[in-house]
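Breakdown of the fold
Here's the letter readout for the chains.
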Amino acid sequence: MSRPAPRHSRSHRHRTPRTARYVFYTLLGVVGEILITISLILGLFIFWQLYWTSWEVEGVREAAVSQFHDSIEPPTQGTGEIRTDDPPPFEKVGNGETIGVLHVRKWGMQIPIVEGTDQYLLDQAFAGHYPNTQQAGEVGNFVIAAHRRSYGNNFRHIDTMEPGERLVVETKDAWIVYEVAKSEIVLDTATEVTYPVPHERGATATERLMTMTTCSTATGGQFGNSHRFILYSKFQYWMPRDSGTPEEIADEGAE
């Protein structure tokens, strides 16, 4: 006599193998956790890149400006002698050594200018002078570069400069005053902006220019590096340090 098939209990019927749906949701949870971790890492990197790097070099920039001022005689206060003849010739310095200080009153900043554009120099919140370009005040093109976002944010607001606004380069002997002329955005390979006459290879320079270069955020977000923002300015006058201080920075309290 055959026996009836055994009946499975309710609890036994529910102990089935993992279903495809269970596996899917498990994998989905793992992927979600990975994405959250990646987001946190990216967020910390952005914070470090945009804020921490600038905070940690702020003191370096201020110390460099103070050391430069401590190494030279303080300027004479009051209105000085405005001159448009040839500024005093600049004695070249070694790579990494200080040329002077860029004063941008609109930004409330004094930025040390050093010789060379090596990454480690720009990462110390310095503006670096392209060695193959003219010196400050010379006929031709005095070209400097600095970070726009991170490591001091020196040129962060370069796009706010309008034609007619003034920039002052302070050297050990003179104040050299430039006036903003125009700006443009170019590819990072556009070395022609550093020519003595920008964009004109082989042309003979007749003007004294200063060109500021930095990354352009307009084409790549905060970290765009494929283009450069270029700000051109033209020499207006120079003033001996021992005759006074330019009115463009008279309220700055420069020493």
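Here the structure is shown first, and the text comes after it.
Residues numbered from 1 in each chain as written. Predicted model: local features only at pLDDT ≥ 70, side-chain atom pairs only at ≥ 80, totals over all residues. Heavy atoms only, no water.

Regarding the pairing of strand E8 (residues 227-240)
When you tally the buried positions in E8, you get 10 out of 14 residues, the bulk of the element. Across 13 bridges, the pairing between strand E6 (residues 174-187) and E8 is antiparallel. Bridged to Trp175 within E8 is Met239. Taken together, the seven bridges between strand E7 (residues 208-215) and E8 define a ladder with antiparallel strand orientation. Across the sheet, Met210 pairs through a bridge with Ser233, a residue of E8. (Buried < 20%, exposed > 50% of the residue type's maximum accessible area, 1.4 Å probe, protein only. Helix = DSSP H or I, 4+ residues; strand = E, 2+ residues; numbered from the N terminus. Pairing = 2+ DSSP bridges.)

A few points about the pattern of salt bridges
In this structure the tally under the stated criterion is nine salt bridges. Across the salt bridge formed by Arg208 and Asp86, the nearest N and O atoms sit 2.4 Å from each other. Here Asp86 lies in the loop between helix H2 (20-70) and strand E1 (98-104) and Arg208 lies in strand E7, a separation of 122 residues in the sequence. What makes Arg208 buried here is its relative accessible area of 14%. Across the pair Glu179 and Arg166 runs a salt bridge, and its minimum N-O distance is 2.8 Å. Separated by 13 residues along the polypeptide, Glu179 in strand E6 and Arg166 in strand E5 (residues 166-170) bring together distant segments of the chain. (Salt bridge = Lys/Arg side-chain N within 4 Å of Asp/Glu carboxyl O.)

Some remarks on the layout of surface pockets
Gaps between atoms show up when a probe of the same size as a water molecule is rolled over them. When its volume is computed, the second largest pocket comes out at roughly 220 Å³. Forming the boundary of the second largest pocket are 15 residues, of which Lys182, Pro198, Glu207, Leu209 and Lys234 lie nearest the centre. Those elements that provide at least two residues to the lining of the second largest pocket are E6, E7 and E8. When residues in the lining of the second largest pocket are grouped by element, the largest group, three residues, is from E8. Residue classes in the lining of the second largest pocket are distributed as eight nonpolar, three polar and four charged. (1 Å grid on protein atoms, 1.4 Å probe; cavity = no way out; pocket = protein on both sides within 12 Å on 5 of 7 lines; lining within 4 Å. Points joined across faces, edges and corners; volume = space filled by probe spheres on them. Nonpolar A, V, L, I, M, F, W, Y, C, P; charged D, E, K, R; others polar.)

Focus: the nonpolar core
As a rule of thumb, soluble globular proteins bury nonpolar side chains together. With 28 residues, the main nonpolar core has Leu102, Trp107, Phe155, Leu167, Val169, Met210 and Met212 as its most contacted residues. Elements represented by at least two residues in this core include exactly E1, strand E2 (109-115), strand E4 (140-145), E5, E6, E7 and E8. Counting residues in hydrophobic clusters, the runner-up holds six residues, among them Val168, Trp175, Val177 and Ile249. (Core = buried A, V, L, I, M, F, W, Y, C linked by side-chain atoms within 4.5 Å.)

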